[in-house]
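As a plain string of letters, each chain reads:
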Amino acid sequence: MNIQSVKKINDSATGLFFAYEVLTDEPNIRYTVPHNEENSDYQAILEWVVEGNTIED
Amino acid sequence: MTSTIKADVVTAQTTNGNVTLQGNGTGTVAISDNTAITGTLSATGAATLSSQAYPTAGGLWSGRNMVINGSMAVSQRATSATGLGAAASYPTLDRYQLAGNTNGRVTMSQTADGPSGIANCLKLACTTADTSIASGGYFFFHQKFEGQNLQRWAKGTADAKTVTVSFWVKGNASATYVVALEDADNTRHCGFTFPVTTSWTRITRTFPADTTGAFDDDNAYSLTCIFHLSAGSDRTSGTLPSTWQATVTANRCPGITQFLDSTSRTFFLTGLQMEVGAATPFEHESYSETLQKCQRYFTKIAPKVNAVTVRGYNSSGAVVSSWFSFPTQMRTEPTCAITGTWAVSNCGQPAFQSFSVDGFLFGATTSSAADTYFYPDASSEYITASAEL
C-alpha cells in the first residue's frame, strides 16, 4: 500500500470516528482501513505518520 | 531354509508381555491374505501401507497441512500480474506474498501445470534482470501463519516436534534456492537449500524440533515459510542454519542461485505442505475448502453487473445502505476497498458505512428524497476485504 493521503471518516448516523479513508497510487481503488493494530494496513498508516505525514480530520 | 511354526496361539512369556516378529532387516514379515487382525494394532515409527506413507507421531489423518492453498488452486485477486519485485504485495495466488527491493522485475501467475494429480502451480518468470543485486537486495515469496494454528508443534517446550516442508518444484535450468522457516515471535530461523531441475521434483526438508521460543497462541503473525530466490551479500554472506538459531541476517539464504540474473529464469512450485513429523503425501482438499480458508484473509465480493446492489429511499443527505456478511469470519477487522466507479442514481459513490470481522454496511448518501440505488456496471467494479498477516 503506497499511501498518498489518509482521512478520518465518521459513522454516518452516530457521527463517531470508525475508520480511515486511504488513497494510494492506485487511483481506481478507495480503501477503508480500520483503527485496529491487528490490521497490517493500519500498521502501514502508523509508519506513514512516523515518516512525517499527517492524517486529515 | 524355510521354518514354519504351526500354532493357534503365540503367548508372550516375557515379563513385559511383548511378542516380536523380527525379519532380518531386508526381508518382510508377512501376514497372509484374508487374515483378520483383531484388537488394537499399534505401530511406532513410520508406516507405509500400499506404498502410501502415513503420518508419524504428531501428525493427523486430515488437516495436517498447515499451508493454505498449497495446491495453488485459489487466485481471487488475479491469475497473473506483471512488473512485480519492487515492493511487497499479494498479487495473484491467495496467501502468497511476493516481496523484493531490486531492479529485477517478474511476472507471477497461477499456471495450469503440475506433477500428476495437481492441476496448478505458482509460476515466476523474470522479465527484467538485475545482474548486480545490491548488498541489501532481496527477492522472495512466502506464506505467513497465525500462531494459534501452529500450537501442534509444541515449539519452545521439551515436547517440541520436528516439522517437514515438502513441495514440487521445477525451473528453466538447474538452480539452487533456499526454503526457510522464520519464527517472528522469537526472531529465530532455520533453513535448507534445495535443487531445481527442468523436471517436476518433490523436495522434502525436515526442520528439527526447537525447544526454544513458543509461538503466541493468537491470530497474529508468528511464522513464515519463505522461499529465497535472490539476495545480496547482506543475506548470503553467512552460513545457512540447519538447526534453529537466533536470526542472523547474513545467514538467511547463503548458497542461492540469483533468480533475477537472467530473463530466461522461470520457477514453478506447487503441492506445498508443512506438517508435524515426517513427510506424507500431499493432502488434497476440495476447492471450496481451500477457498474458505483463504477467505479468512482476503475475500472478493463481485455483485452482479448491471443489477442493483443496494436500493432504498431516504431523506436528502441521508444514507441508503445494506449489510453484507463475509463468507467466513475474517482474521481481524479487514481493510475494505471499492474498485472502479459504480453506476449510481440519486446518490454519490457508494462507501463503507461500517464493518467488522463478520461483514460490512455498504451505502451511499442520497442527493434528494427519492428512489436511490447503485450497482456495478462493469466486471472491474467490485469490493474486496483484506485481513492478511
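It should be emphasised that the depicted structure is a prediction, and the values quoted were computed from it without experimental measurement.

Description of the interface of chain B and chain A
Interface size is commonly expressed as the accessible surface area that is lost when the partners come together. Counting from both sides, the interface comprises 21 residues of chain B and, opposite them, 17 residues of chain A. For the pair chain B and chain A, the summed buried surface comes to about 1500 Å²; carbon and sulfur atoms form 41% of the total. Here chain B and chain A share 0 salt bridges between them. Inspection of the chain B/chain A interface yields 14 residue pairs in polar contact (both at pLDDT 80 or more). Among the elements that line the side of chain B that touches chain A, the one with the most residues is strand E18 (residues 335-339) of chain B, at 5 residues. A per-class count over the side of chain B that touches chain A returns 9 nonpolar, 9 polar and 3 charged. Pairing analysis gives 4 bridges linking strand E3 (residues 29-34) of chain A to E18(B), with the strands arranged antiparallel.

Some points on the sheet that holds strand E20 (residues 351-355) of chain B
Residue and element names in this part refer to chain B. With antiparallel pairing, 3 strands are arranged side by side in an open sheet as E17-E21-E20. Where the open sheet ends on each side, the last strands, each with one partner, are strand E17 (319-325) and E20. The sheet shows a mean angle of 30 degrees between the axes of neighbouring strands, direction not considered. Both E20 and strand E21 (residues 359-365) contribute to a ladder of 4 bridges, which runs antiparallel.

Examining helix H1 (residues 40-50) of chain A
When we look at burial in H1(A), the residues that qualify are Asp41(A), Tyr42(A), Ile45(A) and Trp48(A). The buried residues of H1(A) occupy an angular sector of 110 degrees when projected down its axis, which confines them to one face. More than 90 degrees from the buried face of H1(A), the exposed residues found are Glu47(A) and Val50(A). Contact partners of the buried residues in H1(A): strand E1 (3-10), strand E2 (17-24) and E3 of chain A together with E18 of chain B. The N-cap residue of H1(A) is Asn39(A): its side-chain oxygen and the backbone nitrogen of Asp41(A) are 2.7 Å apart. Positive backbone phi, approximately 110 degrees, marks Gly52(A), located one or two places after H1(A).

Thoughts on the pairing of strand E8 (residues 163-171) of chain B
All names here are of chain B. With 8 of 9 residues buried, E8 is to be regarded as a mostly interior element. Two strands pair when backbone bridges link them, and E8 and strand E11 (residues 201-207) are joined in this way by 7 bridges, in the antiparallel orientation. The partner of Trp168 across the bridge, within E11, is Arg202. Summarising the sheet, E8 and strand E14 (residues 266-276) pair through 8 bridges and their orientation is antiparallel. Bridge pairing in E14 places Ser166 opposite Gln273.

Cut-offs used in this document
- Residues numbered from 1 in each chain as written.
- Chains lettered and ligands numbered in written order.
- Predicted model: local features only at pLDDT ≥ 70, side-chain atom pairs only at ≥ 80, totals over all residues.
- Heavy atoms only, no water.
- Contact = heavy atoms within 4.5 Å.
- Buried area = accessible area lost by both parts, 1.4 Å probe.
- Salt bridge = Lys/Arg side-chain N within 4 Å of Asp/Glu carboxyl O.
- Polar contact = N/O pair within 3.5 Å; in protein donor to acceptor, adjacent residues only side chain to side chain.
- Helix = DSSP H or I, 4+ residues; strand = E, 2+ residues; numbered from the N terminus.
- Nonpolar A, V, L, I, M, F, W, Y, C, P; charged D, E, K, R; others polar.
- Pairing = 2+ DSSP bridges.
- Axes fitted to C-alpha atoms, helices over the stretch in contact; angles between N-to-C directions.
- Buried < 20%, exposed > 50% of the residue type's maximum accessible area, 1.4 Å probe, protein only.
- Arc of directions from axis to C-beta.

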